[in-house]
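Examining the three-dimensional arrangement
For reference, the chains in residue letters:
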Amino acid sequence: MTAQKFPWARTFLLGFGFLGISIIWPIFNQYIPLFLQAGNPEFERQLLAEGRALPNIAGFGLAPSLALFIMTWDNLINMFVQPWVGAKSDRTWNRFGRRKPWILLGAPIALLGFVFIPVAQSVLAIAVFILITNIGMALFRSPTIAWLGDLFEPNDRSKANGVINLMGGVGGLLAYFGGGILFNAFGRQAPFLAGAVAMFVALTVAILFVKEPSKIEAESREDGGVLRNIRCLFENPDKSGLFVLLGILLWFMAFNALETGLSSFAVFSLGMKAGTASIYAGLVTVSFILFSVPAGLMGTRYGRGPVIRIGLIGLTILTLAGFFIIQNPTTFAVVLVLAGFLWAMVNVNSLPLVYDHGDEKRIGAFTGLYYFSSQLAAVLGPTLGGILVDVLGDQYRWLWLFSFVFMALAFVTMLKVKGGPKQASA
């Protein structure tokens, strides 16, 4: 086969879809836990005992375990909706395309719920708006990401996913830094309104300019669904596909527990302002952006599995160190920057590794399996982490040790994964 020039322009256009998705979740994860927990007397007692300022946030005073459990509702929904939608989108084709109809359906629902979250006046109201946002996002995330498999050959996917994650990182950067500045300057509604507008613009660009292939191999229309693909993985003598999904479960448990609790750690343990905590969390995204394309190129040249394992070793060491050394904003910033570099090595190569051990004819379905594993992790990680915080005296520092354990388990699991298809030289 004649080597073709890598389609950089098309890749960046596709990345606008992921950029739109990536704007919403940082705002969601940074501020909603604070809205749910602010006013909890135990946090206020600990901050006053350490001579730190109390956060100026109106909230509902919920316990960490309940607040972080509410934060997993989107992941519970995603576990069941995204695999189904991913498989369904493989067999969708109408005048809008294959994946685009799902974006047109889900995005308006998500935006409707999202803009009303900060104005909710009761736990019931905020719960309803959270659910509406979650359902809308679940309807189009998996089809949007499935474009990676539709539009790129296997050897190009790590490189393409690096660009796509770079675009997602830009979305996260806008959310963390822009959202933090807006929150400090204009209050709790500003990041949500700005995020909704930015997501609308980004997804509009993707819908208008991404050209979907009109023909996918006929076998992609076979109706096997998610269960068939799971069964195929179990029946395959090479269990690498199962170990990949298990590894994804474990490292996302570690990452999501920290991500969901990061603003709570910064505000309730270090005494930072909510907007400032968001800006600091953005440091992960800055370093992730800087290293996302190099991480994809490394996965292409040296293999996705080895690059992921190196990233996991680094994250295991870093999360253990974070438990002990983060005592002020400076050490917090250093750990976050290093985490972004290492996380790029893992995250950028994760989905292409699933495709390596999946089925090229059912890309959407295997995208759904990837999200089933990662979303199950995003339920278990924050929920178990929140229970740990509750049990150990409402101290969010324990999340770093929690993350250390599951990063280490993920590394052990990845040792069982055999090399997929050989990557071409960059």
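Residues numbered from 1 in each chain as written. Predicted model: local features only at pLDDT ≥ 70, side-chain atom pairs only at ≥ 80, totals over all residues. Heavy atoms only, no water.

**With respect to unusual backbone geometry**
Put simply, the test is: Counting from the N terminus, the helices are the DSSP runs of H or I reaching at least four residues and the strands are the DSSP runs of E reaching at least two.
Its identity as a non-glycine residue notwithstanding, Asp 394 has a phi of 55°, on the positive side. The topology assignment puts Asp 394 in the loop between helix 15 (363–391) and helix 16 (398–414).

**A closer look at the confidence of the model for the protein**
Applicable threshold: What pLDDT reports is the predictor's confidence in each residue, on a scale of 0 through 100. Any pair of residues with heavy atoms lying within 4.5 Å of one another is described as a contacting pair.
Confidence in the prediction for the protein averages 85 pLDDT; 90% of positions are at 70 or higher. Below a pLDDT of 50 lies the segment residues 421–426, which in the model reaches 14 contacts outside its immediate sequence neighbourhood of four places, other chains included.

**Some words on the packing of aromatic side chains**
Spelled out, the test is: Stacked, tilted and edge-to-face pairs are distinguished by plane angle, under 30 degrees for stacked and over 60 for edge-to-face with tilted covering the rest, among Phe, Tyr and Trp rings (Trp via its six-membered ring) whose centres lie within 6.5 Å. Classification of residues uses two cut-offs on accessible area relative to the type maximum, computed with a 1.4 Å probe and protein chains only: under 20% is buried, over 50% is exposed, and between them is partly exposed. By the criterion adopted, a ring carries a charge over it if an Arg CZ or a Lys NZ lies within 6 Å of its centre and within 35 degrees of its normal.
All told, the structure shown has 21 aromatic pairs when counted by the stated rule. When the ring of Tyr 31 is compared with that of Phe 192, the centres are 6.4 Å apart and the planes differ by 55°; the resulting orientation is tilted. Here Phe 192 lies in helix 9 (residues 189–209) and Tyr 31 lies in helix 1 (residues 8–37), a separation of 161 residues in the sequence. Accessibility expressed as a relative area gives 1% for Tyr 31, which makes it buried. Between the aromatic rings of Phe 402 and Phe 406, the centroid separation amounts to 4.8 Å while the plane-to-plane angle is 40°, which identifies the pairing as tilted. One end of the pair is Phe 402 and the other is Phe 406, both in helix 16 and 4 residues apart, which spans about a single turn. Taken individually, Phe 402 and Phe 406 each receive the classification buried, so the pair is uniform in this respect. In textbook terms, an aromatic cluster arises when at least three aromatic residues are bridged by ring pairs, as seen for Tyr 31, Phe 35, Phe 114, Phe 183 and Phe 192. One Lys or Arg, Arg 10, reaches over the ring of Phe 152 and ends 5.1 Å from the middle of that ring. Here the guanidinium or amino end of Arg 188 rests over the ring plane of Phe 35, the centre of that ring lying 3.9 Å away.

**Considering the pattern of salt bridges**
Counted only if it meets this: Each reported salt bridge corresponds to a side-chain nitrogen of Lys or Arg within 4 Å of a carboxyl oxygen of Asp or Glu.
Tallied over the entire structure, the rule returns 3 salt bridges. Across the salt bridge formed by Asp 150 and Arg 99, the nearest N and O atoms sit 2.7 Å from each other. In this pair, Asp 150 sits in helix 7 (residues 147–151) while Arg 99 sits in the loop between helix 4 (73–90) and helix 5 (100–116), placing the two residues 51 residues apart along the sequence. For the pair Asp 150 and Arg 99, one class covers both residues: buried. Residues Asp 356 and Arg 304 are paired through a salt bridge, measuring 2.7 Å at the closest nitrogen-oxygen approach. Of this pair, Asp 356 sits in helix 14 (residues 329–356) while Arg 304 sits in helix 13 (residues 304–325); the two residues are 52 residues apart in sequence, bridging distant segments of the chain. Neither Asp 356 nor Arg 304 differs from the other in exposure class; each is buried.

**A word on the environment of Ala 146**
If you trace the backbone, Ala 146 turns up in the loop between helix 6 (123–145) and helix 7. Distance from Ala 146 to Phe 366, taken between C-alpha atoms, is 8.7 Å for residues 220 residues apart in sequence.

**Considering the side chain of Thr 133**
Defined as follows: As used in this structure description, the phrase polar contact means that two N or O atoms lie within 3.5 Å; if the pair is within protein, one of them must be able to donate a hydrogen and the other to accept it, and residues adjacent in sequence are counted only when both atoms belong to side chains.
When you line up the elements, Thr 133 lands in helix 6. For Thr 133, the side chain forms a polar contact with the main-chain nitrogen of Phe 114, separated by 2.9 Å. A distance of 2.9 Å separates a polar side-chain atom of Thr 133 from the backbone oxygen of Phe 129.

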